[in-house]
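# Overview (structure and organization)
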Amino acid sequence: MKKLNIVLSGLLVASVGFAGENLMMKAKNAGLKPIPQSKLKLLKLVDDPTNPMTDAKIELGKKLYFDPRLSKSGIISCNTCHNLGLGGVDGISAAIGHKWTANPHHLNSPTVYNSVLNSAQFWDGRAAHLEDQAQGPMQAAPEMASPAKSVANKVKSIPKYVNEFKKAYGENVKITFKLVADTIGVFERTLITPSRYDEFLNGHPEALTKTEKEGLNLFIDKGCASCHNNIGVGGTMQPFEVANKYKFENVGDFKGNKNGMVKTPTLRNIEETAPYFHNGMVWSLKEAVKDMGSIQLGLKINDKEAGKIATFLKALTGKKPNITYPQLPASTSKTQKPDMN
Amino acid sequence: MKIIALILSIFTTFIVANSDIEILKKAKKANLLPIPNTKIELLKIINNQKNPSTDAKIELGKKLYFDPRVSKSNLISCNTCHNLALGGADGVSVATGDKWHPNPHHLNSPTVYNAVFANYQFWDGRSTTLEEQVKGPIQTQFEMAMHKDILPSKIKNIIGYKEEFKRAYGPNVKITFKLITDTIAIFERTLITPSRYDDFLNGDFKALTPKEKDGLNTFIDLGCTRCHKGIALGGFTQPFDTGKRYKYRNIGDFHGNKNHLVKTPTLRNIKETAPYFHNGMIWNLKDAIKEMGKIQLLLGISDKDAQKIETFFGSLSGRKPKIKYPILP
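Just so we're clear, the structure is a prediction, and the values are computed from it rather than from any experiment.

## Here we look at the overall build of chain A
Check the secondary structure of chain A and you find 12 helices and 4 strands. The C-alpha atoms of chain A give a radius of gyration of 22 Å, which matches the 20 Å a tight globule of 341 residues would have. C-alpha atoms of chain A, sized along the principal axes, occupy 80 × 45 × 35 Å. By residue count, 54% of the 341 residues in chain A fall in the buried class. Within chain A, contacts between residues at least 6 apart in sequence are counted, and of these 73% link residues at least 24 apart. One way to put it: in chain A the 44 positive side-chain charges average out to a point 2 Å from where the 31 negative ones average out.

## Overview of the overall build of chain B
Across its full length, chain B carries 13 helices and 2 strands. For chain B, whose C-alpha radius of gyration is 22 Å, the value lies close to the compact-globule estimate of 20 Å for 329 residues. For the C-alpha atoms alone, the extent of chain B along its principal axes is close to 75 × 45 × 30 Å. When burial is assessed residue by residue, chain B has 53% of its 329 residues classed as buried. Counted over contacts in chain B with a minimum sequence separation of 6, partners at least 24 positions apart contribute 71%. Averaging the positions of the 48 positive and the 31 negative side-chain charges in chain B gives two centres separated by 2 Å.

## What about the domain arrangement of chain A?
Residues and elements named next belong to chain A. What the domain assignment lists for chain A is domain 1 (26-38 + 193-314) and domain 2 (42-188). Just the C-alpha atoms count here: the centres of domain 1 and domain 2 sit 26 Å apart. Each partner contributes to the interface: domain 1 provides 32 residues, whereas domain 2 provides 25 residues. Carbon and sulfur atoms supply 61% of the area that domain 1 and domain 2 bury against each other, a total of about 2,200 Å² over both sides. When the buried area of domain 1 at its contact with domain 2 is split by residue, Phe254, Lys263 and His278 rank highest and sum to 22% of it. Linking domain 1 with domain 2 are 9 residue pairs in polar contact (both at pLDDT 80 or more). Among the elements that take part in the side of domain 1 that touches domain 2, strand S4 (residues 261-263) stands out by supplying 3 residues, more than any other.

## Details of the interface of chain B and chain A
Listed as interface residues are 32 residues of chain B and, on the opposing side, 34 residues of chain A. At the boundary of chain B with chain A, total buried surface from both sides reaches about 2,700 Å², with 69% on carbon and sulfur atoms. The three residues of chain B that bury the most area against chain A are Leu75, Trp100 and Tyr325 of chain B, which together make up 31% of that side's buried surface. Taken together, the connections running from chain B to chain A amount to 0 salt bridges. On inspection of chain B and its partner chain A, the count reaches 12 residue pairs in polar contact (both at pLDDT 80 or more). The residue makeup of the side of chain B that touches chain A, split by class, is 16 nonpolar, 7 polar and 9 charged.

## As for the domain arrangement of chain B
Residues and elements named next belong to chain B. For chain B, the domain assignment lists domain 1 (27-42 + 193-316) and domain 2 (45-188). Each of domain 1 and domain 2 has a C-alpha centre, and these two points are 26 Å apart. Facing the 33 residues of domain 1 at the interface are 26 residues of domain 2. Roughly 2,300 Å² is buried in total at the junction of domain 1 and domain 2, and carbon and sulfur atoms are behind 63% of that figure. Counting residues per element, the ones that place at least two in the side of domain 1 that touches domain 2 are helix H2 (39-46) and strand S2 (261-263). Among the elements that line the side of domain 1 that touches domain 2, the one with the most residues is S2, at 3 residues. Residues of the side of domain 1 that touches domain 2, tallied by class, amount to 16 nonpolar, 12 polar and 5 charged.

## Side note on the packing of aromatic side chains
Evaluated as defined, the whole model comprises 25 aromatic pairs over all chains. Pairing Tyr246 of chain A with Phe248 of chain A gives two aromatic rings, centres 6.0 Å apart and planes at 75°, and the pair type is edge-to-face. Each member of the aromatic cluster is reached from another via a ring pair, and the members are Tyr65, Phe66, Phe187 and Tyr325 of chain A together with Tyr65, Phe66, Phe187 and Tyr325 of chain B. If you follow Lys263 of chain A out to its NZ or CZ, it ends over the ring of Trp123 of chain A, 5.0 Å from the centre. The ring of Trp123 of chain B is capped by Lys263 of chain B, whose NZ or CZ atom sits 5.3 Å from the centre of that ring.

## Re the environment of Asn259 of chain A
Along the chain, Asn259 of chain A falls in the loop between strand S3 (237-239) and S4. Between the C-alpha atom of Asn259 of chain A and that of Asp124 of chain A, which follows or precedes it by 135 residues, the distance is 9.7 Å.

## Quick notes on the nonpolar core
Core analysis: the biggest nonpolar cluster contains 73 residues, and Leu84 and Val180 of chain A together with Leu84 of chain B have the highest contact counts within it. Per element, the largest residue contribution to this core is 6 residues, and it comes from helix H8 (residues 177-188) of chain A. If we skip the residues at most four places from it in the chain, Val180 of chain A touches Leu64, Leu70, Met138, Val151, Val155, Phe165 and Ile175 of chain A. By size, the runner-up hydrophobic cluster in this structure holds 40 residues, among which are Leu107, Phe219, Val233 and Ile309 of chain A.

## Concerning the environment of Ile220 of chain B
All names here are of chain B. Residue placement: Ile220 occurs in helix H11 (residues 210-221). Expressed as a C-alpha distance, the spacing of Ile220 and Lys29, which sit 191 residues apart in the sequence, is 9.8 Å. Once residues lying within four places of it in the same chain are set aside, the contact partners of Ile220 are Lys26, Ala27, Ala30, Leu32 and Thr225.

## What about the confidence of the model for chain B?
Of all residues in chain B, 95% attain a pLDDT of 70 or more, and the chain-wide mean is 94. Across the interfaces of the predicted complex, the ipTM metric reaches 0.91, alongside a pTM of 0.94.

## Concerning the pattern of salt bridges
What the rule picks out here adds up to 36 salt bridges over all chains. Glu305 of chain A is the salt-bridge partner of Lys222 of chain A, the closest N and O atoms lying 3.0 Å from each other. In this pair, Lys222 of chain A sits in helix H10 (residues 210-222) while Glu305 of chain A sits in helix H12 (residues 303-314), placing the two residues 83 residues apart along the sequence. Between Asp214 of chain B and Lys308 of chain B there is a salt bridge, with its nearest N and O atoms 3.6 Å apart. Residue Asp214 of chain B is located in helix H11, and its partner Lys308 of chain B is located in helix H13 (residues 303-314); the two are separated by 94 residues in the primary sequence. Residue classification places Asp214 of chain B among the partly exposed residues on the basis of a relative accessible area of 33%. Take Lys308 of chain B: its relative accessible area is 23%, and that puts it in the partly exposed class.

## Notes on a positive patch on the surface
Among the surface-exposed residues, Lys156, Lys162, Lys166 and Lys174 of chain B lie close enough to one another that they form a single positively charged patch. Within the secondary structure layout, Lys162 of chain B lies in helix H8 (residues 159-169).

How each quantity is defined
- Every residue gets a number counted from 1 within its own chain, in the order that chain's sequence is written.
- Chain letters start at A and ligand numbers start at 1, both assigned in the order the entries are written.
- For a predicted model such as this one, the threshold for reporting local features is a pLDDT of at least 70, and the threshold for listing and counting side-chain atom pairs is 80 or more; totals across whole chains, interfaces and linings nevertheless cover every residue.
- Side-chain numbers come from the whole structure's heavy atoms, not from hydrogens or water.
- Runs of H or I in DSSP of at least four residues are treated as helices and runs of E of at least two as strands, each being numbered from the N terminus.
- Atoms counted for the radius of gyration: C-alpha only. Globule rule: 2.2 Å times the number of residues to the power 0.38.
- Relative accessibility decides the category of a residue: with a 1.4 Å probe and only protein chains considered, values under 20% of the type maximum give buried, values over 50% give exposed, and everything between is partly exposed.
- Any two residues whose heavy atoms approach within 4.5 Å are treated as being in contact.
- For the purpose of charge, His is not counted, nor are the chain termini; Lys and Arg are scored as positive and Asp and Glu as negative.
- The atoms used to mark charge sites are NZ of Lys, CZ of Arg, CG of Asp and CD of Glu.
- Domain delimitation in this document rests on an assignment produced automatically or drawn from a domain database.
- What gets called buried area is simply the loss in accessible area from a 1.4 Å probe that two parts show on being joined, summed for both.
- Identification of polar contacts relies on pairs of N or O atoms within 3.5 Å, with a donor-acceptor requirement for protein atoms, meaning one able to donate a hydrogen and the other able to accept it, and with residues adjacent in sequence counted only if both atoms are side-chain atoms.
- The term salt bridge refers to a side-chain nitrogen of Lys or Arg lying within 4 Å of a carboxyl oxygen of Asp or Glu.
- Residue type decides the class: Asp, Glu, Lys and Arg count as charged, Ala, Val, Leu, Ile, Met, Phe, Trp, Tyr, Cys and Pro as nonpolar, and the leftover types, Gly among them, as polar.
- Here a Phe, Tyr or Trp ring, Trp counted by its six-membered ring, pairs with any other such ring whose centre lies within 6.5 Å, and the pair is stacked when the planes are under 30 degrees apart, edge-to-face when over 60, and tilted otherwise.
- Working rule: Lys NZ or Arg CZ, within 6 Å of ring centre, within 35 degrees of ring normal, means a charge sits over the ring.
- Nonpolar core, defined: a set of buried Ala, Val, Leu, Ile, Met, Phe, Trp, Tyr and Cys residues in which side-chain atoms within 4.5 Å join the residues together.
- Each residue carries a pLDDT score, the predictor's own confidence in it, on a scale running from 0 to 100.
- Residues qualify for a patch when their relative accessible area is over 30% and they have no salt bridge, like charges being joined within 9 Å and the nonpolar side chains of Val, Leu, Ile, Met, Phe, Trp and Tyr within 5 Å.
- Computed by Shrake-Rupley with a 1.4 Å probe, the accessible areas treat only the displayed protein chains as cover when residues are assessed.

Okay, structure coming up:
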C-alpha cells in the first residue's frame, strides 16, 4: 500500500514537473516574462539613464513620496492614495483627495508597485514616464492641489531638504518642481515586487501549486495574456469593451483616450488592490475575472475556471521592498503654511 | 605657548565641569528627569502591567496604528494626524479627519511621541492611560468615525490580522474593540525619543553645547519647570489662561477641563511639532515661549532669553525609533 503511494506520488511529481516545464514554455510563448533575477538586468530595465538611480536620490525620493507637506493641505501624500502598506493603493472605489473631493471621473487609484514596468501611465495612458506622471497628482485640484511653484518653494524652505538635494545632485542643484517630481520617480522605480510566479518563469516549476498552474494555463488558453503580458502582466494601451459592455460603464465618465484605449492594469499584487476597474466598481477578484472574459473576450468563464484563474493571480503577490519609514526634515518659519481650503 | 594653552584648557574644562554639575543639580531639583538609560528602568515605566509588551503585540499594534482601514472611510489612520515622520503630529492648526471635518473645538493634534510619559492624555486630560485614550479618536465623527461594534468584525475579516492576534494573544483570542485599542496603545508605548538632553541629565556633560546649557539654565530660572517637568517635560494638568489672557483664546471654544485646567504638553521634539498651543495658532517657537512667559508667569521674556530657551529646545529633538513601514494584511 505504502509502496504504491510512493510510486503514485513519484509519478504525480514527475508529471507535474513535466507539465510545469511545458507550461513554462507556453507562458513564454504567450509573451509572459519574469522580473529578471540578475540585479544588473533588473537595473537596466528600471533605471532611467537620463537621471540614473543613486542611493541618495532614492532615499530623498522616498521622503518626498511620504511627505504630506507637498500637498496644499499638508495632510495628503502620494502614500495616502498609493499606500505602500496596502499593495500600493487606497482600497476605495474613487480616489479622494484635497477637501475630500472624489476624483471627478470616478477614477480608482492604480498601484504604484511595478508601475515602472508600464509602457504608459494613467488610465488613459497620457504620461509615458513615472517622472512626467508624478507632476500630475501634486497639482491636480482633487488630489494634492499644490501649484508647481509652491511645491518647489516648500522644499527650498527646508534647509535639510536642500542639503539632501545637494547630496543627490551636486552643490549647484536648482530645486525645481520638475526635479522634485523626477526624484519621486526615481524612488518609484525601486518599487518592484518579485513573486512566486517569477520564480516559476525563472525555471522553478515547483514554485507554483498545481491549482495555480492550472489557473495560469487557463489564463493563457482563454486569451488573457494577449493583453496582460510582458513583465508587467499589463501596462500597454488596449481597447476596452471589445466584445461586450462593462456593466458599470456609466459610473463616471471615463471612456479611455481619444481612441477609446485604456491602459491595461498590471495584474501583479492584484489580490491586494481591490476594488477593480477604472471606476473601482468591482470588489471580488473572481467577478472581475468573469467580467473580463465577457467584456474583452466574449467568453463565459465558469465559476470553477474563474476560481482557478483567481488562485493563479494570487501567486502574483510579490515580495515588497523593505522600507524604513522616513524621518522628514522639520518645516521652518519660511515654509508656506498648510491651507485646508 | 603650548603649555599655556594646555593649562588654559584644563582650567576651562574644570570650570565647565563645575558649572555643569551646578546645572545638573539645579535640573534635578526642578524635577527634570531623563528618560532612563537602562532598558530595565525604562521598561518599568513604559510597560503596561495588565497587558505586558511582547514583540508580537508591538508589531501588530504598529500595523493597526498605520492602517487606514481602522477608519470608516479606509483613508485615515492614527498616522494621518500623528505622523511618525513629522514629530508625531500633523503640522496643521486644526486636526482634520473624516470627510475633511475640522476638529469642532479647533484643537491641534498633540504628538504621540513620549505620550506614554504623560500622566494625562488629551488637552483637557480626560484620559489617564493610552489604552483609554485610543478609544476616542477611532469613534469620533470628525476623526476616524468608526463604530466600535463594526471595527472588530472588519478586523476579523482580514485573515492576516486574525492570525496575528492569535500569535500575539494565543489561539483562543477574542478580537474585541478593547483588545484592538489596547494593542495600538502597546505600540504607542514604544514611541520614545531619548535626546542629547537626556544624555546630559544622565551625566554626559558634553552632550549639550554651552549655549544649550545656558538655555536650560534660563528655562529653569524663569520658572518654566513649574509645569514642564518630569520625564515628559509636561503631562500634568495646569491652570492656563486664568490670569493674563492667551491672545488667541477666542479661536475655538476650548478652555480646559471643568476647572479650567489644561494638560501641559510635552516639550520633547517641540521644534518638530509646530503649530503650537491647543488651537495651533502660534507657528513660531520664540513667540510661543514669550506667550507662555506672559500668560503663565506674568513675565515679559526678552528676545534674548527666548532665543536661549529656543536653542535649548533644539536638544530635545530625540532619536526616533526605527520603524519598518508595515505591509498590512
